[in-house]
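Descriptive structure summary
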Amino acid sequence: MKSIRARLLVSLLSVVGLSALVGAAVTYQNVLRQTESLFDYQLRQMALSLRDQGFIAPDQAAALANDDFDFVVQIWTVDGTRIYASHSRPDLPPQAVLGFAEIRLRDGTWRLFSTATGDRVIQVAQPLAIRRQLAAQAALRSAIPFLVLVPVLAAAIGWSVRASLQPVKRLAAEVKRRDADALEPVAESGLPAEVSPLVESINALLARLRSAFSAQRAFVSDAAHELRSPLTALKLQLQLLQRSADQNSRSEAIEALSAGIDRATRLVAQLLTLARTEPGTQQAAMMATDLAEAARQAVADVVPLAHVRSIQLSLQAQGNCTVDGDTNALRILVRNLVDNAVRYTPPGGRVELTLADQNGQVVLAVDDSGPGIPASDRARVFDRFYRRPIDEDGGRDETGSGLGLAIVRSIANRHHATVQLEDSALGGLRVCVRLARIPDTG
């Protein structure tokens, strides 16, 4: 049963119905016992009220008999002479046992009360069937209010449950009416205290969705803007190639077009990588990852570029470098750091990677001998598509997309890692990434 309303109604009505039945049964039994006691009291009082009666002739006794009279009254003298009988019941005992007694006759069981006063003995008898019928009727009349009260309580409970759940129904209707763009917080006024945590959670989710959608819209807008320039350049380079009159100019145009295609390809690849690492996208499961091995694979990817630029590229790993993470994402993080270092380091420079186990953390450091980044710009270089102005020494790569460090930050945030930019002992920039290490199990 999934409906809260149905569960409440069933549970409450079950409790009310069971309580009414138990109350009716208890009342019924109590009234039965009390009525039996009352009938016994009536027998006794009737017998005592007849103790002063004088002698009644048999013919007079017959005239006093009444078929509607439920009692049989008999009076004897002390010597056993019957002086009064309201009904002719020869099967009743001719001798009375003083006090209360029950006897079984042909037509059922009778309840008797006998008392001796002065010179006579008085006996009053009544059929148990009539007593019990009257007692049952009285008990039933006492129990009926409980049974009548059940439908009244059921209607009241149904109204109360419906009224109590009305705010939840309004909340569901409000959420249902919204379209995909309506991410404003849900109104919390007038809601029960039990529903408020749910509404707060919904509003927190809507806030996260607004933030994610804003980030996606900004990403799409920035990506469209950034792609416009290389695509325009490719079109111009193609036009130059078409207008080339000799082989030399055609070769230069082809080389420029090839370089433009490479830049556009790298930009699209980094855009796709950033989109995959953004929060809210489906991510691979975390697992124990050897960061040193991921770093070796990332360095191998960048070796051809380092060779072309005559960059000395080295990697040193010490201690346990196992972390809990996404192996492919961590490889992308290291590759972007190394790729940036190689691209921004002048030809003939050096790029060094070190991995070390420090105080329960794995510290990845990437040092280069490039121009570095001024302290005033270090907070901004993590923004998407941010490019520093071109340096006079030519250290900056003009083909940079401004996405490398943005990807690094996105992956680091997912792994709860910290990224710091510092001055390098090689003269350029040092990037330090600190991740929690998985403890040794040996």
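Let me begin by describing the structure that accompanies this report. (Residues numbered from 1 in each chain as written. Predicted model: local features only at pLDDT ≥ 70, side-chain atom pairs only at ≥ 80, totals over all residues. Heavy atoms only, no water.)

Attention now goes to the overall build of the protein. Tallying secondary structure elements over the protein gives 9 helices and 12 strands in all. Within the protein, the fraction of its 442 residues that count as buried is 37%. In the protein, the share of contacts with a sequence separation of at least 24, taken over all contacts with a separation of at least 6, comes to 64%. When the accessible surface of the protein is summed, it comes to about 25,700 Å², and 56% of that surface belongs to carbon and sulfur atoms. (Helix = DSSP H or I, 4+ residues; strand = E, 2+ residues; numbered from the N terminus. Buried < 20%, exposed > 50% of the residue type's maximum accessible area, 1.4 Å probe, protein only. Contact = heavy atoms within 4.5 Å. Areas by Shrake-Rupley, 256 points an atom, 1.4 Å probe, with all protein chains shown as cover.)

Our next topic: the packing of helix α7 (residues 291–308) against helix α8 (residues 327–344). For the pair α7 and α8, the least separation of the axes is 8 Å and the interaxial angle reads 35 degrees. Crossing angle aside, the handedness with which α7 passes α8 is right-handed. Side by side, α7 and α8 meet where L291, A294, A295, Q297, A298, V299, D301, V302, L305 and A306 of the first sit next to L330, R331, V334, R335, V338, D339, V342 and R343 of the second. When grouped by side-chain class, the residues that make up the contact of α7 with α8 number 12 nonpolar, 1 polar and 5 charged. (Axes fitted to C-alpha atoms, helices over the stretch in contact; angles between N-to-C directions. Left-handed = near helix turned anticlockwise from the far one by under 90°. Nonpolar A, V, L, I, M, F, W, Y, C, P; charged D, E, K, R; others polar.)

Sheets are built from strands that pair by backbone hydrogen bonding, the pairs being arranged parallel or antiparallel. Spatially, the 5 strands line up as an open sheet ordered β7-β9-β10-β12-β11, and their pairing is mixed. Sheet topology places β7 (312–317) and β11 (418–423) at the edges, where each strand pairs with a single neighbour. Strand after strand, the sheet turns through a mean of 15 degrees between neighbouring axes, direction not considered. As paired strands, strand β10 (residues 361–368) and strand β12 (residues 429–436) are joined by 7 bridges and run antiparallel to one another. (Pairing = 2+ DSSP bridges.)

Attention now moves to the pattern of salt bridges. Tallied over the entire structure, the rule returns 9 salt bridges. A salt bridge links E293 to R296; its shortest N-O distance comes to 3.2 Å. Here E293 and its partner R296 are both found in helix α7, 3 residues apart, which amounts to about one turn of the helix. E293 sits in the partly exposed class, given a relative accessible area of 35%. When its relative accessible area of 41% is taken as the criterion, R296 is described as partly exposed. A salt bridge links R378 to D423; the nearest nitrogen and oxygen atoms lie 2.4 Å apart. Of this pair, R378 sits in the loop between β10 and α9 (404–414) while D423 sits in strand β11, and the two are 45 residues apart along the sequence. Here R378 falls in the buried class, since its relative accessible area comes to 16%. Classification of D423 as exposed rests on a relative accessible area of 59%. Here the salt bridges do not stand alone but share partners, grouping D301, R331 and R335 into one network. (Salt bridge = Lys/Arg side-chain N within 4 Å of Asp/Glu carboxyl O.)

Right, let's get into the side chain of T345. Mapping T345 onto the fold places it in the loop between α8 and β9 (350–358). Residue T345 is classed as buried on the basis of its relative accessible area, which comes to 0%. Looking at T345, its side chain comes within polar contact range of the main-chain oxygen of A341, at 2.5 Å. (Polar contact = N/O pair within 3.5 Å; in protein donor to acceptor, adjacent residues only side chain to side chain.)

Counting residues in hydrophobic clusters, the biggest one holds 40 residues, and the most contacted among them are L333, V334, L337 and L364. Contributions of two or more residues to this core are made by α7, α8, β9, β10, α9 and β12. Here the element with the most residues in this core is α8; it accounts for 9 residues. Apart from the residues within four sequence positions on either side, V334 is in contact with L291, A295, A298, L353 and L364. (Core = buried A, V, L, I, M, F, W, Y, C linked by side-chain atoms within 4.5 Å.)

Moving on, we come to the pairing of β11. Examined bridge by bridge, β11 and β12 share 6 bridges and lie antiparallel to one another. Bridge pairing links E422 to R430 in β12. Where β11 hands over to β12, the hairpin turn is made up of 5 residues, of which G427 adopts a positive phi near 105 degrees.

Looking at where I202 falls in the secondary structure, it is placed in helix α5 (residues 196–243). Put simply, I202 and V186 are 16 residues apart on the chain and 7.6 Å apart in space, counted from C-alpha to C-alpha.

This part covers the side chain of H415. Along the polypeptide, H415 turns up in the loop between α9 and β11. Of the residues examined, H415 reaches a relative accessible area of 8% and is grouped as buried. At a separation of 2.9 Å, a polar atom in the side chain of H415 contacts the main-chain carbonyl oxygen of I411. Those residues within four positions of H415 in sequence are excluded, and the remaining contacts are M286, D324, G325, D326, A329, L330 and L435.

An ideal rise of 1.5 Å per residue puts 26 Å on 18 residues; α8 measures up with 26 Å between its terminal C-alpha atoms. In terms of residue burial, α8 counts as a mostly covered element, since 13 of its 18 residues are buried. Sitting at the amino-terminal end of α8 is D326, which places a side-chain oxygen 3.3 Å from the backbone nitrogen of N328. (Expected span 1.5 Å × (residues − 1).)

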